[in-house]
Amino acid sequence: MQASSLARRLKRCVAVTEWPWWRLPPLLRWYVATPPVVALAVIAVAAARTDWRADDLGKFFLLLCCGVISVASTPRIAYTSVGVTRDFTTVWALPIAILLPPVYAALAPIAFIAVLQFWVHRGVLYRRVFTGASISLCCVVISLVFRLFPASFAGGYVGSGTHAFTWAVAVAACEFLGGRLQHFMIVGAVKMSNPKVRIWRLELNREAWQGLFVEIDIAVLITLAVALSPALVLLALPTVLLVRRFLVHPLLVAQSRVDSKTGLLNISTWETEAEAELSRSIRTRNPLALALVDIDHFKLVNDTYGHLVGDKVLKAVADALISHLRDYDRAGRFGGEEFVLLLAQANEDDACRIAERLRAHVAGMAVPIDDRPDAPRVQLTISIGVTAMERDTRRELIDLLAAADSALYHAKQNGRNRVGVAAAKRNAEPDAQFDGHHVGHVQVDSTGASLRPAKSL
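Numbering of residues starts from 1 in each chain and follows the order in which that chain's sequence is written. Under the rules for a predicted model, residues below a pLDDT of 70 receive no local features and side-chain atom pairs below 80 are neither given nor counted, while totals for whole chains, interfaces and linings still include all residues. The side-chain quantities take in all heavy atoms of the structure and omit both hydrogens and water.

Trainee: Give a description of unusual backbone geometry that names residues and reports values.
Mentor: One non-glycine residue, R285, lies in the positive phi region at around 60°. Going along the chain from the N terminus, every DSSP run of H or I of four or more residues is numbered as a helix, and every run of E of two or more is numbered as a strand. Relative to the helices and strands, R285 is located in the loop between α12 (267-284) and β1 (288-295). The phi dihedral of N417 is positive, around 55°, even though this residue is not glycine. Looking at the element boundaries, N417 is found in the loop between α16 (397-413) and β7 (419-422).

Spelled out as structure tokens, the structure:
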């Protein structure tokens, strides 16, 4: 009898040498391991020096419950999308760091991350541990820095008049300092993991700065409210949930435009953007090309390894498409194992070169079926059908799709793993002129061998 999935997970947890953490590069491995070790040491020292009081425990429990509710009610899409996740945990960690001894500030983020990992969205464990430890350490820094301000400027109690303003300024400054410190710790891990990733693309945009400002603003207001009266937190929680939902809305809109398995545009969104680009090309008299991409023998992959591996293959090919296209090209999932590409300002020769580079790249790929270092790998090939609308011509999107589909069909009929080309005609019919990725009008297969000259089919 096979062991249950729970038993297998427990076995993997006990088998320390099988942890994914060990597969990281040595420098990154110890960079990720350092914050949890330091955080445990800080918690032990802070706990030994803390004067545990009932009112502090009550305030901590109240704020901790609010933070758990905030994390648990965050839509799962917020954790699966690319970019900065705003679950507003710092909104509740900040008042804990400001109003309570440092040990509470160190413990709260660990509870929030545990709820996230085991209840909301299961992620890579070592990454979650690193994130929780980094937030914990930064909250301790916030707690200690705030206590360095003189009582006339900040202090443990909120005064009136100018003191209330300076107190809020001190809280905001500490929140910004801690947030940026934790941000740079995460960025360091991301860059060490993948030096090619461009963090600024995720950070330097209006949504990211808007979310950061709102998060700091609400965190300061809640800290001020709790400092005046802990009961006011009951009014703050619904506000946080509503504001968080407002910030998640752009993610929901973006998610409705993409295919969930590949991250490419879904077919309806692709058609809308392709029609707009086609109209622009006709208006500006620029060339435009379209390509259909099909994974060869994809059903065999599903039948041999299962649909989960098939999904990994789809994602690998989609990533290859994105890496070989320009920023203003449009890639979408056409359906099943087919993809569609709109190549702006590209004539037939440009499109063929792009398609051939993509074909060669995928032919050299090997997709592992799981995360084991010695896991079997799936070899892939693709067939591509290309068509183009040259300058000063007018074609409908359906004409381009029909021609690319004809080219793809004949590429697969002639052996797969090659690029076919067909001329786009108005109201394109099945007997459209076809030639492969060519030199002059001679088909050339993936190895460079000449095929028969193109003819009307």
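Trainee: Tell me about the packing of aromatic side chains, and please be specific about residues and values.
Mentor: Stacked, tilted and edge-to-face pairs are distinguished by plane angle, under 30 degrees for stacked and over 60 for edge-to-face with tilted covering the rest, among Phe, Tyr and Trp rings (Trp via its six-membered ring) whose centres lie within 6.5 Å. Scanning the entire structure with this criterion turns up six aromatic pairs. Taking 5.8 Å as the distance between ring centres and 40° as the angle between the ring planes, the aromatic pair formed by Y31 and F130 counts as tilted. Within this pair, whereas Y31 is found in helix α2 (residues 26-48), its partner F130 is found in helix α7 (residues 125-146), the two being separated by 99 residues in sequence. Think of it in three bands: with a 1.4 Å probe and only protein chains considered, a residue is buried below 20% of the maximum accessible area for its type, exposed above 50%, and partly exposed in between. Taking the relative accessible area as the measure of exposure, Y31 reaches 28% and is therefore partly exposed.

Trainee: Let's hear about the side chain of D329: which residues, and what values?
Mentor: Structurally, D329 is set in the loop between α14 (307-324) and β2 (330-335). For D329, a relative accessible area of 7% puts it in the buried group. Among the polar contacts listed, one links the side chain of D329 to the side chain of R326, at a separation of 2.8 Å. Side-chain atoms alone can form a polar contact between residues adjacent in sequence; in general such a contact is a pair of N or O atoms within 3.5 Å, and within protein one must be able to donate a hydrogen while the other accepts it. Of note is the side chain of D329, whose polar atom sits 3.1 Å from the backbone nitrogen of A344. Leaving out residues up to four positions away in the same chain, D329 has contacts with L342, L343 and A344. Only heavy atoms matter for contacts: two residues are in contact if any of them lie within 4.5 Å across the pair.

Trainee: Please set out the pattern of salt bridges residue by residue, giving values where relevant.
Mentor: The working definition used for a salt bridge is a side-chain nitrogen of Lys or Arg within 4 Å of a carboxyl oxygen of Asp or Glu. Going through the model one piece at a time under the given rule, you end up with 13 salt bridges. Salt-bridge contacts for K412 lead to D294; the nearest nitrogen and oxygen are separated by 2.6 Å. Here the residue K412 occupies a position in helix α16, and D294 occupies one in strand β1, the gap between them amounting to 118 residues. Between D319 and K315 there is a salt bridge; the shortest N-O distance is 2.7 Å. Placement of both D319 and K315 in helix α14 is noted, with a separation of four residues, approximately one turn of the helix.

Trainee: Tell me about the packing of helix α6 (residues 102-120) against α7, and name the residues and values.
Mentor: Remark: α6 packs on α7, axes separated minimally by 8 Å, with the N-to-C direction vectors making an angle of 155°. Accordingly, the angle class assigned to the pair α6 and α7 is roughly antiparallel. Along this stretch, α6 crosses α7, giving a crossing that reads as right-handed. The residues of α7 that touch α6, namely those facing P102, A105, A106, P109, I113, L116 and Q117, are L125, R128, T131, G132, I135, S136, C139, V140, S143 and L144. Residues were grouped as follows: Ala, Val, Leu, Ile, Met, Phe, Trp, Tyr, Cys and Pro as nonpolar; Asp, Glu, Lys and Arg as charged; and all remaining residues, including Gly, as polar. The class makeup of the residues in the contact of α6 with α7 is eleven nonpolar, five polar and one charged. The axes are straight lines fitted to the C-alpha atoms, using for helices just the contacting stretch, and the angles between their N-to-C directions are given from 0 to 180°. To sort the angles, those under 35 degrees are grouped as roughly parallel, those over 145 as roughly antiparallel, those from 65 to 115 as roughly perpendicular, and the leftovers as oblique. Working rule for handedness: look at the near helix, and if it is turned counterclockwise from the far one by less than a right angle, call the crossing left-handed; if clockwise, right-handed.

Trainee: Any details on the confidence of the model for the chain? Residues and values, ideally.
Mentor: Every residue carries a pLDDT, the predictor's confidence in it, which falls somewhere between 0 and 100. On average, residues of the chain carry a pLDDT of 81, and 81% of them reach 70 or more. Confidence drops under pLDDT 50 across residues 428-457; counting only partners more than four residues distant or on other chains, this segment forms 65 contacts.

Trainee: I'd like to hear about the packing of α14 against helix α15 (residues 348-363), residue by residue, with values.
Mentor: Between α14 and α15, whose axes approach to 10 Å, the crossing angle comes to 140°. The angle between α14 and α15 falls in the class oblique. For α14 against α15, the interelement crossing comes out right-handed. Each of A320, L321 and H324 in α14 lies in contact with α15, whose residues at this interface are I354, R357, L358, H361 and V362. Looking at the contact of α14 with α15 residue by residue, the classes come out as five nonpolar, two polar and one charged.

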